[in-house]
Structures are given as C-alpha cells and as structure tokens.
Amino acid sequence: MPLRRAVPFLSVAAAGVFALLWFVSPSLFGQARAPSGVQLPASYRAPRLADGRPDLNGIWQAFVTANWNLEDHEAQAGPHPELSGAYGAQPAGQSVIEGNEIPYRPDALAKRNANFQNRLKADVSEDKTWHALGDPEAKCYMPGVPRATYMPFPFQIVQGTSQYVLFAYEFTSATRIVRMNWQQEAPTDSWMGWSRGRWEGDTLVVDVTGQREETWFDRAGNYHSDALHVVERYTPASPYHMLYEATIEDPKVFTRPWKIRFPLYRRMETNVQLLEFKCVPFTEELLFGKFRKQAAR
Amino acid sequence: MRHRVLVVFAGLVIAVAVGLVSPLAGQAPKKYNAPKTPWGDPDLQGVWNDATSTPLQRPANVGEKGTLSDEEAEEFQASLAHELSRDRRDGGNAADVNRAYNEHWMDARRLKITADKRTSLIVDPVDGRIPVLATVSPERQKIRATRAEAAKRFAAGLPEDYTDMSWPVRCVVRTDVPPYLPTIYNNNFQIFQSPGYVTIAPEMIHSARIIPVDGRPRLHKNLRQWLGDTRGRWEGSTLVVETANFRLDEGVLFQNANPATFKITERFTRVASDSINYEFTVEDPTTWTRPWTALIPWTKVDPGEQMFEYACHEDNFDIVHFLTGARLREQKGER
C-alpha cells in the first residue's frame, strides 16, 4: 500500500488503533467523541474558516474494503483468476454496517445475489435494458452516494465561505455540489444526487435525495431503488481524520434505515493532488467492443 | 427554465445599458474594485455563462473591422442569429431533420454578440484569425490522417469501432478541455474559492478543475492528463492560470493541437459584479506559427438558475445506435 506508506507513521499507527476500537465498540462513536485510550482529543475542535465553520478542506480517502462489500467478506479470487491471477482478488474485510448486515426485505435479497452473479456482464444492445446488468463501477458510471466516499480513490472537499461546498471525486471525475441550508428539492434525479447541507456543531450533515436508481453500493451487488435517501455526517476527529457516517433509507428495498461508519484519512503526501481517473476509455471495450466491424477491410 | 433565461437576458441588457459591462477587450475599467474573499483573494465566485454568437474568427464579410458601430452590430447579430437558429425550415430535408434538435434545447444566449460589439473572439492577432498553421511533421501528419479517416467514416454513418468517434462523442471530455469555448448549450461554469485554491466546475462534463494558487510546483512532465495540469497565481485582481501536461492522445485539444507542445494561459478578471473577462492565449509552435489570444465575456447567471449535473457516458445510447446502424448498413451492402 504505497499510499499508506507516505502517510506519517504515527498518524497511521494512531489510525490503526482507532480503527480497531471503532469496530470493537461502535456504539462509542455515536457522537464526535473518541473513546478513551485513543490518542485523539476527547472533543477535537477543528480549525475554523473565516465564517467560523469547521474547515473540512483537503483530500480525503477511506481505507476500508467496503467497495468490495459493505458487509463482512472473506478473501476470494477475482472474477477472472485465469487472466489476472491474484491481481483481481478480493481482500477480506469487516462489515462497516451498524449491526453487521443490511436489513433487506426478503424479496429484495435475491436481486442483490443476482447482481453479484452478473457483476461483470454488460448488455447495452437495447436502450430499455441498457443499465440492467453489471456493476456500474465496471461500466464507469458516476458512483452515487455513499459509494463515492469509499471507493479506492481520494476525493477533495472544496469549502469556502459561500453557500456551496464542492465535493470532487477522482473516480470518473465525478463531482457534486452541496448546497447549504437549501430549501429547493431535487429538480430531477441525477447520478450523484441532490445534496443539501447543514452544520450540526462541528458536523457537516448532508442530506442526499434524487439519486438515479441504477447505482450500486458495492461490487457485491448491494443496491437500492429510486426511493433512496442518504444522510451523511462528516465530523472532524483530528487534523488527519474525519468520522464518516451515512444513514441509508429505502423502504422499497430495506425493512428499516441502516448506518455505515468508518474514518476518512487526510492524504498527507507533499504536494498531493487529485488526479484524473476518466475511466470511460477503460470500459468501452466491455460495453461497445461487440459492435465493432468484424471483417477486415 | 426558459423564463429564467429571459430574466438573465434582461439582466444582461440592463447591465449593458448602464455601462457595467467592460467596453474594452482585456481592460478592466479602473473604477471597478472586485470584491475580496475573507482570506483576501479577488472573489470570482458564482455561476457564469460564456455563450455568445460572436465567432471565434472574424468572418470574411466584415472586412477588417474589429468592432462595429451600433447599427452594424445590430445587423451582424441578426445575421448570425439567423444562421445559428434551429427554428428554421429552409435548406432542404437533411438540414431540416438536423434542426429537429431545435431551439428548445439550445442556449438562447448564444444568439447575441458580445456587448463590446466585436467581430471575433480572437483579439490577437489583430486580424481576428487563427494564425497560419505550422508545418506538421510527417509523423504527426500520419496520425492526423488516421484520425481524419475515422472522422470521415463516422460522418458517413459507418463507424467501424467506437474509436472512430471523437472524444466528446465518447463522453471522455467535452467543453471542460481548455480553452473554454462557447457551444450550443450548457455554457455554465461555477467558480468555487477556498484558501489556496480556485476551482472551476464546467457544466459539461461534470469535472472539477482544482487550481492551486499557493505556488506549489506543477506535476512532473511524466504525469499527463486529458485536462492537463493547472497552476494559478494572482496578478493584481486577475487570476492567471497556466496549463500543460496534456495527455498524448490525438484529437482532444483544439484544432488537433499537439499535446506534447501545447500550452495555454488563461486570465480571469472580474470587471463588474456580473461580468468576468476570460482571456486565453494558446501557444503550440508545432501547430500554429505564433501564439494567439481570444477574449470571451462571462456573464453571471441569475441565482435561480442553478448548475445541474451533466451526465454523458452513463446514458450514451447513441454510441450503440451509431455502431449497430453501421453494421446494419454493411449487411445491406451499403458502404
């Protein structure tokens, strides 16, 4: 993990202890408080911008394996071990979900399992079924929220003192504008949704509605419907960490709202910047290769 | 949406009437002091629109005139609007079918010339034209010819592969590649500022150009991106932005400029509360015989007109329509 190597050692060590305790006793993290024994101030007060709001500017990244599966997952071979060997293999990971499992409605679970089976298939030959098969990540779609937060790519928060906070993600150069204290509802659905923010103390709370139903939560096929409602909480926990929590509600797919939680780490490399991962050219062969002219001229 | 456009238009007209919009290319009126952010940078924030009917290059029929009188400007604008309008039925069946994608979908602001009544967006050279092209190396001639063949197949409705389509058609890049040039719609740019950064989010396609203005070094030349790598600095109240390190793919840059040698400098100057002068200079000695500069006014849009996500690739059904259509035509023996 060269990314981690570049982070100051002490910061990583503290983060490791922190992450461990996090999973052992998640209930301690209901508030912005860190549990006793962790080398973080009991109530960390973030630096302020000119308007007195906590300064969340920076490049952040999650270091969980939730993009493989939000739930507990064992290490396993990738989808094409005959091509990629151990390259594409899935690491083991602990669930980031409060209560460990996603509360699917009984009729909804089958679709998750089918999604997983079909995760690397794509059939765009008909407009009407264009989105039906395959993980949207593999097809280079904008990932939606909360998945954008825990993909294995950094994102940058651009926060000034206006009523707009920009979230810019490296993956497919997706962006979303968080409109602070905003009344207007989503004009229509979009891939990254309609984000409205507010401050609760030092926590940036972002209410996300109007998301397209076709995005997934992870490579395991966990999914949602067009009724998805996500409430995110970003709480500064140290100069190098934020606590991330998202409450996910979708009565068409889940029996009750559920929560995910993990820390976000500040990228600390000298002169680190968000780079470009415009992935359309990397998925065109999967999507469009079969429509190529076959016979040589 | 359309009534908002009208409101913005009305605002623009009023601004012009009371002389708020800069009359001179590249020169901020001395009396206007741009507001500052709390941390002391000139404040460029807002949603801005760069649509105009003023062509990049001066049309032959206006002769050598760089700016027009009121009367001439009115005629010039009417003539351009007529040419650009998609709510016309003349010109035969093919033109008519093409214009089925009519004014309803277009940015009406693109039917007005610049407030300073220029005949071209290019201000240097003074003839308002792109300079003479440089001699292209045999190697690049070959690359360009290959691209031209692909474009020809696509235009004929017979693309052999998705790579026959242009980068914008494939939704890899669109109007987010500098220089920012006006187009038929989605001409909005939202500027965000935070300590040490200016960030420009072009509406099409949903990318953010996060520009450090803190003096940090640029990326090493080995690391290239389709949108390049950008650094900014303040010169008085002007944001000066330099971009290089463009990825070495053919056809991404304006006029198929050479990514290995292309460099662009952009200057953003707020000249009124509702107006930014956007001036860019491009240089690429392997494409043009000299650098050239254009000036495009950006107008602040009504606060009610919010930027909205512009997705492209996710529903790019037409890629498949183009390819399956071509396969069908081949089966029928058309080629």
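Here, every reference points to the structure presented above.
Residues numbered from 1 in each chain as written. Chains lettered and ligands numbered in written order. Predicted model: local features only at pLDDT ≥ 70, side-chain atom pairs only at ≥ 80, totals over all residues.

S.K.: Got a minute to help me understand the interface of chain B and chain A in this structure?
M.R.: Contacts between the two partners involve 38 residues from chain B, matched on the other side by 38 residues from chain A. For the side of chain B that touches chain A, the secondary structure elements donating two or more residues are strand 3 (188-194), strand 4 (197-202) and helix 5 (317-331) of chain B. Along the lines of polarity and charge, the residues of the side of chain B that touches chain A split into 20 nonpolar, 10 polar and 8 charged. (Contact = placed C-beta atoms within 7 Å. Helix = DSSP H or I, 4+ residues; strand = E, 2+ residues; numbered from the N terminus. Nonpolar A, V, L, I, M, F, W, Y, C, P; charged D, E, K, R; others polar.)

S.K.: What is the right way to read helix 5 of chain B from this model?
M.R.: Think of an α-helix as 3.6 residues a turn; residues three or four steps apart then line up on the same face. Over its 15 residues, helix 5 of chain B runs 21 Å from end to end, which matches the ideal 21 Å to within 8%, given 1.5 Å per residue. Within helix 5 of chain B the residues assigned to the buried category are Ile319, Phe322, Leu323 and Ala326 of chain B. When helix 5 of chain B is viewed along its axis, its buried side chains cluster within an angular range of 90 degrees and face the same direction. Away from the buried face of helix 5 of chain B by more than 90 degrees, exposed residues Phe317, His321, Leu328 and Gln331 of chain B are located. Contacts from the buried residues of helix 5 of chain B go to helix 6 (280-288) of chain A. Among the residues trailing helix 5 of chain B, Gly333 of chain B stands out with phi positive, at a value near 85 degrees. (Expected span 1.5 Å × (residues − 1). Buried ≥ 20, exposed ≤ 12 C-beta atoms within 10 Å, placed from the backbone. Arc of directions from axis to C-beta.)

S.K.: Can you walk me through unusual backbone geometry in this structure?
M.R.: Peptide bonds are trans in most cases, and residues, glycine excluded, mostly fall at negative phi. Backbone torsion omega between Val145 of chain A and Pro146 of chain A reads 15 degrees, so that peptide bond is classified as cis. By the secondary structure assignment, Pro146 of chain A is in the loop between helix 4 (106-117) and helix 5 (147-150). Residue Met204 of chain B is joined to Ile205 of chain B through a cis peptide bond whose omega torsion reads 0 degrees. Its place among the elements puts Ile205 of chain B in the loop between strand 4 and strand 5 (209-212). The backbone of Asn271 of chain A shows a phi angle near 60 degrees, a positive value even though the residue is not glycine. Inspection of the secondary structure assignment puts Asn271 of chain A in the loop between strand 9 (258-266) and helix 6. C-beta crowding within 10 Å serves as the criterion here: with 9 such atoms nearby, Asn271 of chain A is assigned to the exposed category.

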